[in-house]
Amino acid sequence: MTHAADTGKGRPLGGWFFFAFKLVLWTAIAYSFAADAEVYSQQPRLAGVAYGVNTFLTGSILIAIGRFILIAIYRRRNKKNNRVRGNYILGINQIATLLNVVFAVLGLMIAFGINPKEFLTSITIVAMAIALLFRDYITNMISGLLIMFSDQFTIGDTVRIGEHQGKIMDITLANIMVKNDDDDVVLIPNNTAFTTNIINQSLQNSRKLTIEFELPLASSRRNKALENDMRKALEQYGNAIVPGSFQLRVVGIGKDAVQYKLQFSTAKKDTQLRRTLRNDLYQHIISFEASL
């Protein structure tokens, strides 16, 4: 899993030490190929292990360098216009991880004396069956990569995806982790997010609060009373509500119910206040419905 820390400004100190260790080990193995060629010729098993490790290290080092260059270019090009977001870096990290896994598998094949080309040719039919079996997961992973390389939202944004609303905590190859107002972490599959309308409230007025609800058709005769009741419920919060931001309107009429949308803005970003407001207004709506 890739966390928000992976999208930070610099590579962790431990990451640089690990990269340096791989570089030193790769140099030592490369030198041994020239200095100890006779030993490797006499011990083919040891030679296979050395070549396998060397294959993995070569790929891993090149991937790390490529990752560093791409992230540095992205940050430099987008720093001036303040568009640096974590998704691109997140996507680069995920691709780097996948490529490292590929080179690790190749290294293991070489270490055990398996010819990668012949092996892949021999399991083509099996690979196709596996691809069909895991088709949903593969498409989900591709959707995740497309989301990561998009610039529409990133970790920390408050979004609404379908019926779920909350703050994005993480984006993986499998799902998007959203923490809602009840502190529940909802895992939304990438395929669902990719094919669903997404509202990024962080790109809009993040202080705007929207409440959608339905009331019986009889409520349409008392719209003014409903509006006065909602206004009175908000008056107790005083300066916490932006004056003039209150809006209550009918957005739809069904067979048995009227659909309403209530919107207003808070003076500051306060998750606890928003939670309290929602609960209080829902209680007033329930009381109003009972009085019909």
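Structural notes, computed from the coordinates. Note that the structure is a prediction, hence the values are computed from the model and not measured.

Here we take up the overall build of the protein chain. Regarding its fold elements, the protein chain presents 10 helices and eight strands. Taken over C-alpha atoms, the radius of gyration comes to 28 Å for the protein chain, far larger than the 19 Å a tight globule of 292 residues would show. Residue pairs at least 24 apart in sequence account for 66% of intrachain contacts in the protein chain once pairs closer than 6 positions are excluded. Within the structure as shown, the protein chain displays about 18,100 Å² of accessible surface, and the carbon and sulfur contribution to it stands at 60%. The centroid of the 32 positive side-chain charges in the protein chain is displaced by 9 Å from the centroid of its 22 negative side-chain charges.

The next thing to look at is the layout of surface pockets. Any empty space left between atoms is shown by rolling a water-sized probe over those atoms. In this model, the second largest pocket occupies a volume close to 410 Å³. Around the second largest pocket, the lining is made up of 18 residues, and of these T158, K167, D181, T271 and R274 lie nearest the centre. Of all the secondary structure elements, the ones that give two or more residues to the lining of the second largest pocket are β2 (164–171) and α10 (271–290). The dominant element in the lining of the second largest pocket, judged by the number of residues it contributes, is α10, at four residues. Each residue belonging to the lining of the second largest pocket can be placed in one class, and the counts come to no nonpolar, nine polar and nine charged.

In spatial order, the strands read β4-β3-β2-β1-β5; together these five strands make up an open sheet with antiparallel pairing. A strand with exactly one partner marks an edge of an open sheet, and here the two such strands are β4 (185–189) and β5 (198–200). Sheet twist, expressed as the mean angle between neighbouring strand axes with direction ignored, is 40°.

Bringing the nonpolar core into the picture now. Grouped together as the largest cluster of nonpolar side chains are 21 residues, with contacts concentrated most on F213 and L262. Of all the secondary structure elements, the ones that give two or more residues to this core are β6 (208–216), α9 (223–235), β8 (257–265) and α10. With five residues, the single largest contributor to this core is α10. Contact partners of F213, with chain neighbours within four places excluded, come to L226, L248, V258, Q259, Y260, L262 and I285. Core analysis: the second largest hydrophobic core is formed by 17 residues, I171, I176, V186 and A193 among them.

This part takes up the pairing of strand β3 (residues 175–179). Across the five residues that make up β3, a large majority, four, are buried. By the bridge criterion, four bridges tie β2 to β3 in an arrangement that is antiparallel. Directly across from I168, in β3, lies its bridge partner V178. Hairpin connection between β2 and β3: a loop of three residues separates the two successive antiparallel strands. For β3 and β4, the ladder comprises five bridges, and the chain directions are antiparallel. Paired with N175 across the bridge in β4 is P189. Between β3 and the antiparallel strand that follows it, β4, lie five residues; D183 among them carries a positive phi value of about 65°.

As for its placement among the helices and strands, G91 is situated in helix α4 (residues 86–111). Apart from the residues lying within four places of it in its own chain, the contact partners of G91 are L145, M148 and F149.

Along the chain, S245 falls in the loop between α9 and β7 (247–253). Among the residues examined, S245 registers a relative accessible area of 17% and is labelled buried. Side-chain polar atoms of S245 contact the backbone oxygen of V242, separated by 2.6 Å.

With antiparallel pairing, the three strands of this open sheet are ordered in space as β6-β8-β7. Each edge of the open sheet carries a strand with a single partner, namely β6 and β7. Sheet twist, expressed as the mean angle between neighbouring strand axes with direction ignored, is 25°. As paired elements, β6 and β8 share nine bridges and run antiparallel to each other. Bridge pairing in β8 places P216 opposite A257. Strands β6 and β8 of the sheet are contacted by α10, whose axis makes an angle of about 15° with β6.

With that out of the way, let us pick up the pattern of salt bridges. Across all of its chains, the model carries four salt bridges by this definition. The partner of R275 in a salt bridge is D183, with the nearest N and O atoms 3.6 Å apart. Taken as a pair, R275 in helix α10 and D183 in the loop between β3 and β4 lie far apart in primary sequence, 92 residues in all. Using a relative accessible area of 25% as the deciding quantity, one classes R275 as partly exposed. Look at D183 and you get partly exposed, because its relative accessible area is 44%. A salt bridge links R231 to E227; the nearest nitrogen and oxygen atoms lie 3.2 Å apart. Within this pair, R231 and its partner E227 are both found in helix α9, separated by four residues, close to a single helical turn. Classification of R231 as partly exposed rests on a relative accessible area of 37%. One continuous salt-bridge network, built from bridges that share partners, spans R160, E212 and K261.

Reading the values: rules and limits
- Residues numbered from 1 in each chain as written.
- Predicted model: local features only at pLDDT ≥ 70, side-chain atom pairs only at ≥ 80, totals over all residues.
- Heavy atoms only, no water.
- Helix = DSSP H or I, 4+ residues; strand = E, 2+ residues; numbered from the N terminus.
- Rg over C-alpha atoms; globule rule 2.2 N^0.38 Å.
- Contact = heavy atoms within 4.5 Å.
- Areas by Shrake-Rupley, 256 points an atom, 1.4 Å probe, with all protein chains shown as cover.
- Lys, Arg positive; Asp, Glu negative; His and termini not counted.
- Charge placed at Lys NZ, Arg CZ, Asp CG, Glu CD.
- 1 Å grid on protein atoms, 1.4 Å probe; cavity = no way out; pocket = protein on both sides within 12 Å on 5 of 7 lines; lining within 4 Å.
- Points joined across faces, edges and corners; volume = space filled by probe spheres on them.
- Nonpolar A, V, L, I, M, F, W, Y, C, P; charged D, E, K, R; others polar.
- Pairing = 2+ DSSP bridges.
- Axes fitted to C-alpha atoms, helices over the stretch in contact; angles between N-to-C directions.
- Core = buried A, V, L, I, M, F, W, Y, C linked by side-chain atoms within 4.5 Å.
- Buried < 20%, exposed > 50% of the residue type's maximum accessible area, 1.4 Å probe, protein only.
- Polar contact = N/O pair within 3.5 Å; in protein donor to acceptor, adjacent residues only side chain to side chain.
- Salt bridge = Lys/Arg side-chain N within 4 Å of Asp/Glu carboxyl O.

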